[in-house]
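Here's the letter readout for the chains.
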Amino acid sequence: MQIISYVGSAPKSRSSARTKSLLLKFRRKAFKFSEFEHFKKVFSGARAVPSFSFSVPSVNFRSLIRPARLKRICIFLLLCLFVPYFSVKILNYSQTFTGPLEMGETFSSEIENLNSAMSKFAMACSEASFDENGNVLSDDGKILTPSSVGLAKAISYQSYKVKSGDTISSIALKFGLTNISTLISVNGIDNVRTLMAGQKIRVPNQDGIVYTISKGDSLNLLSVKYHVSVEEILDANELTDEILSVGKELFIPGARMDSASLKKAMGELFICPISQSYKISSYFGHRADPFTGVPSNHTGVDLACPTGTPVNATMSGKIVQLGWSNIFGNYVIINHGNGYQTLYGHMSKILCRNGQNVSQGTRIGLVGSTGYSTGPHLHFTVYKNGRLVDPLSLLKR
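Now for a description of the structure that goes with this document. (Residues numbered from 1 in each chain as written. Predicted model: local features only at pLDDT ≥ 70, side-chain atom pairs only at ≥ 80, totals over all residues. Heavy atoms only, no water.)

Taken as a whole and assessed by the stated rule, the structure comprises four aromatic pairs. The interplanar angle of 70° and the centroid separation of 6.2 Å between the aromatic rings of Y211 and Y226 together place this pair among those described as edge-to-face. Of the two residues, Y211 sits in strand β3 (residues 208-212) while Y226 sits in helix α8 (residues 219-226), which places them 15 residues apart along the sequence. Pair check on accessibility: Y211 and Y226 agree, each one buried. Geometrically, the ring pair formed by F270 and Y340 is edge-to-face, given 5.4 Å between the ring centres and 65° between the ring planes. Of this pair, F270 sits in the loop between α10 (259-265) and β5 (279-282) while Y340 sits in strand β12 (residues 340-350); the two residues are 70 residues apart in sequence, bridging distant segments of the chain. (Phe/Tyr/Trp six-rings, centres within 6.5 Å; stacked < 30°, edge-to-face > 60°. Helix = DSSP H or I, 4+ residues; strand = E, 2+ residues; numbered from the N terminus. Buried < 20%, exposed > 50% of the residue type's maximum accessible area, 1.4 Å probe, protein only.)

Before going further, it helps to spend a moment on the pairing of strand β15 (residues 377-384). Strand residues, when the strand is regular, have side chains that alternate between the two faces of the sheet. For β15, the buried fraction is high: eight of the eight residues fall into the buried class. The side-chain alternation of β15 yields two buried faces, one formed by H377, H379, T381 and Y383 and the other by L378, F380, V382 and K384. The sheet contact formed by strand β8 (residues 301-304) and β15 spans four bridges and is antiparallel. From the neighbouring strand, A304 faces β15, where its bridge partner is H377. Note: β12 against β15, six bridges, orientation antiparallel. In the strand pairing of β15, Q341 is matched with Y383. (Pairing = 2+ DSSP bridges.)

One full turn of an α-helix is made of 3.6 residues, so residues set three or four places apart face in the same direction. Those residues of helix α9 (residues 230-237) that sit buried are V230, I233, L234, A236 and N237. Across the axial projection of α9, the buried residues extend over an arc of 170°, all falling on one side. Considering only its buried residues, α9 is in contact with α8 and β4 (249-253). At the exit of α9 stands E238, carrying a positive phi of roughly 55°. (Arc of directions from axis to C-beta. Contact = heavy atoms within 4.5 Å.)

As structure tokens, then:
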């Protein structure tokens, strides 16, 4: 019995330990099998999508980025943004400067030849016989006055057919008028350049302008405005009373158009040849020559701006000359009529052709630094009746 008891107790203890070991292995295999089956279903096309969850530990960014370090980062980012921006600005700005050059003797003669050509163009095309206020000039250059030609009391009109070669001043002189604004106002001419041979216009028997009555107008107000007596207005229009009708045309004897309206009708309001940003690097008139430093007379204005900036015709006209000059490089000359010519120099490229008719604002070239120049800019010259004019005095402001 003892032997049986001993033998039986020993196997029992081994069986229990082995059982525990096998059970542990079985559980491990069972877990791996179930995990394998789960992923097998997923990758075999099963719709079940395993969900994965990740736990991200909370981070205290203030502890990672200290104020001093954050300040350095912000400064670095600002430098990365603004340094390239201002570098480009400074580069563009520096390109608009022209520096001093030494000028050879051969260039002075070329300038004289080109200026002479400009003068010839102006004189050949100019037959204007009126001053800047529109006053018609006599053959000896004197201003005609109403008293010198006589004025009728009552206004009357006659028709005239424009002939080839007629100008606004020659027509006015032919009919004894003393100011070209009379014909412009009476006929409602927006631009005298639109007058064509064969066109019929009205010619009054005295100087004055046509005024359309608006609400609130009175003869007293018109008398003060145009410096004409009420009696003269009444007599010219054959009015028996001072009652005015809104919308009615009234002839104001002896009155004239204001300077701005006259220049607009004459097409003498120039636009700037550069429509983009520029700066004036040299003004018209007396100055120290940029090449030699010797006092000289600058024939125009220099508008400094980047290469490739469009150059536009300041006023409608005809291209009468273009080409290359050792001084002005690529240049263009436009005849605008009424004695006006303009020159555009140092262009990198010419975008028009000789003999071409251009409108105000037409692109004729691009800014450059051709010819005798140390930086990109446009040299702009204006002639009026063969004489140099300050371009800035003609540009629209």
